[in-house]
Amino acid sequence: INAIFNMPDRHYPNEAATPLPLEREIRIENLNFQYNEAPQRALADITMTIPSGSTVGLVGRSGSGKSTLADIIIGLLSQTSGTITIDGQNLSPENKENWIASIGYVGQSPFFTDGSILENVAFGLDESMVDREKLLNCCHMAALDTLIDQLPGGIDRPLGERAEKLSGGQRQRVAIARALYRSPQLLILDEATSALDQQSENTIKTTVKRLAGSLTMLIIAHRLSTVEHCDKIIWLEHGKIVMEGSPEDVLPHYRASLNEKTNNVCEAF
Ligand code: ADP
Ligand code: MG
């Protein structure tokens, strides 16, 4: 289990910590954050709510503060001022470990071992501790069935060389299955689809739809089609919330703003 702490992943769960429940909402109030020595705040006066069980999409140009906000919600960074509460309880050094144990995080470049899908999904757990049925179900939720069917030996087949033979989409799906295997209260996908081809992205979209309602999700997406079905969209620019509402209300405005600056069009579509 200690192996987890040596993994060069951004998210180091402490397996001994009891996960903090998320039954009502994550609430952020008047939150500000400034990186050391940065000339200005990366997040300014953020107030927002992520209701339990909802899927929230976070959009905004590169550098707008999306990952910083995710890192604060995860507890990897501490706000300069303002509050973040989980079901009304302040996120603090006392409960941070428990909160981290409640979160499944998938970033842009997940870490892989040379091991099998089983080992890469049940990351750091001894094989004798692995619940195969649960693991297969997580793989199914992450749309890995086709890959598993193609592999001789299925989930037990060593992938070799840090799973480099897998496509970008397959790697992201393994990373999602890994996040799900921890039975998270909150799943965060930070631009998990930005490096993917259209087909892989569609699969992730299917996964997100499949999961909707069964857990709370924060989806940071480059491609707007990924967040089209979210319950709520929050649009960030220069560390501030520009607009918040349904995808139907917010996305047309966001799209239009990208079209105004033609050099950003490629980035978002
Ligand atoms: P996004 O995820 O929306 O692309 P980020 O949250 O990564 O945006 O970055 C927000 C702002 O904070 C940017 O101006 C970026 O340059 C700055 N920033 C990000 N990480 C750091 C850091 N470790 N130190 C200083 N500034 C940073
Ligand atoms: Mg980012």
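Summarised in this report is the structure supplied together with it. Computed from a predicted structure; not experimentally measured. Every chain begins its residue count from 1, and numbering advances along the sequence as written. Whichever chain is written first is A, and whichever ligand is written first is 1; the rest continue in order. This being a predicted model, a pLDDT of at least 70 is required before a residue's local features are given, and a value of 80 or more before pairs of side-chain atoms are given or counted; all residues contribute to the totals for chains, interfaces and linings. Note: side-chain values were computed over all heavy atoms of the structure, leaving out hydrogens and water.

Next up on the list: the state of the cysteines. The disulfide definition used here is simple: a pair of cysteine sulfur atoms within 2.5 Å. All chains considered together, the criterion is met by zero disulfides. No disulfide involves C138; its nearest neighbouring cysteine sulfur is the one of C139, lying 7.0 Å away.

This part takes up the pattern of salt bridges. Just to be clear on terms, a salt bridge is a Lys or Arg side-chain nitrogen sitting within 4 Å of an Asp or Glu carboxyl oxygen. Under the defined criterion, the tally for this structure stands at six salt bridges. Taking the shortest distance from any N to any O, the salt bridge between R27 and E29 comes out at 2.9 Å. Overall, R27 belongs to the partly exposed group, its relative accessible area being 23%. For each residue, the accessible area found with a 1.4 Å probe, counting protein chains only, is set against the maximum for its type, and the residue is called buried under 20%, exposed over 50%, and partly exposed in between. You can call E29 partly exposed: its relative accessible area is 34%. One salt bridge connects E244 with K232, and the closest N-O pair in it is separated by 3.2 Å.

Looking now at the packing of aromatic side chains. Here is the rule: rings of Phe, Tyr and Trp (six-membered ring for Trp) pair when centre to centre is within 6.5 Å. Planes less than 30 degrees apart are stacked, more than 60 are edge-to-face, and the remainder are tilted. The full count for this structure, using the stated rule, is three aromatic pairs. Aromatic pair F33 and Y35: ring centres 4.8 Å apart, planes at 90 degrees, arrangement edge-to-face. With a relative accessible area of 37%, Y35 lands in the partly exposed category. Counted as over-ring charges are cases with an Arg CZ or a Lys NZ within 6 Å of the ring centre that also lie within 35 degrees of the ring normal. The ring of F112 has R178 lying over it, and the distance from NZ or CZ to the ring centre is 5.4 Å. Cation over ring: R178 sits above F123, and NZ or CZ is 3.8 Å from the ring centre.

Turning our attention to the sheet that holds strand β9 (residues 232-237). Paired strands are those between which DSSP finds at least two bridges. Each helix corresponds to a stretch of at least 4 residues labelled H or I by DSSP, and each strand to a stretch of at least 2 residues labelled E; elements are numbered beginning at the N terminus. Taken together, the six strands give an open sheet; going across it, the order is β6-β7-β8-β3-β9-β10, and neighbouring strands pair in mixed fashion. The open sheet has two edge strands, β6 (103-106) and β10 (240-245), and neither has a second partner. Mean inter-strand twist for the sheet, computed between neighbouring axes without regard to direction, equals 15 degrees. Direction of pairing for β9 relative to β10: antiparallel, over a ladder of five bridges. Comment: axis = line fitted to C-alpha atoms, over the contacting stretch for helices; angle = value between 0 and 180 degrees taken between N-to-C directions.

A few words now on the site of ligand 1. Summary of the distance rule: residues count as near a molecule or strand when at least one heavy atom falls within 4 Å of that molecule or strand. The environment of ligand 1 is formed by Y35, A42, R61, S62, G63, S64, G65, K66, S67 and T68. Throughout this description, a polar contact denotes any pair of N or O atoms lying within 3.5 Å of each other; where both atoms belong to protein, one of them has to be capable of donating a hydrogen while the other can accept it, and for residues adjacent in sequence the pair is counted only when both atoms sit in side chains. In this structure, K66 approaches ligand 1 through a side-chain N or O atom, which is 2.8 Å from an oxygen atom. Exposure was quantified through the Shrake-Rupley algorithm and a 1.4 Å probe, taking into account, for residues, occlusion by the shown protein chains and nothing else. Burial of ligand 1 by the protein amounts to 54% of the accessible area it has alone, namely 550 Å². Three classes are used: nonpolar for Ala, Val, Leu, Ile, Met, Phe, Trp, Tyr, Cys and Pro, charged for Asp, Glu, Lys and Arg, and polar for all others, with Gly counted as polar. In the shell around ligand 1, the residues fall into two nonpolar, six polar and two charged.

Now for the sheet that holds strand β2 (residues 43-51). Across the sheet, which stays open at both edges, the four strands sit in the order β2-β1-β4-β5 with antiparallel pairing between neighbours. Each end of this open sheet is capped by a strand with a single partner; those strands are β2 and β5 (89-90). Pairing geometry for strand β1 (residues 25-33) and β2, over six bridges, is antiparallel. Residue pairing for β2: I26 is matched across the bridge by I50.

On the secondary structure map, T55 appears in strand β3 (residues 55-59). Residues are treated as being in contact if the distance between any of their heavy atoms lies within 4.5 Å. Among residues more than four places away in sequence, those in contact with T55 are A212, M217, I219, C230, D231 and K232.

With that settled, the discussion passes to the packing of helix α5 (residues 132-141) against helix α7 (residues 168-181). Their axes nearest at 8 Å, the elements α5 and α7 cross at an angle of 135 degrees. By the criterion of interaxial angle, the relationship of α5 to α7 is oblique. Of the two elements, α5 crosses α7, and the hand of that crossing is right-handed. Within the contact between the two elements, α5 uses K134, L135, C138, C139 and M141 and α7 uses A177, L180 and Y181. A breakdown of the residues in the contact of α5 with α7 according to their chemical character gives seven nonpolar, no polar and one charged. Angular relationships are summarised with four words: roughly parallel below 35 degrees, roughly antiparallel beyond 145, roughly perpendicular across 65 to 115, and oblique for the angles in between. By definition, turning the near helix anticlockwise from the far helix through less than a right angle yields a left-handed crossing, and turning it clockwise yields a right-handed one.

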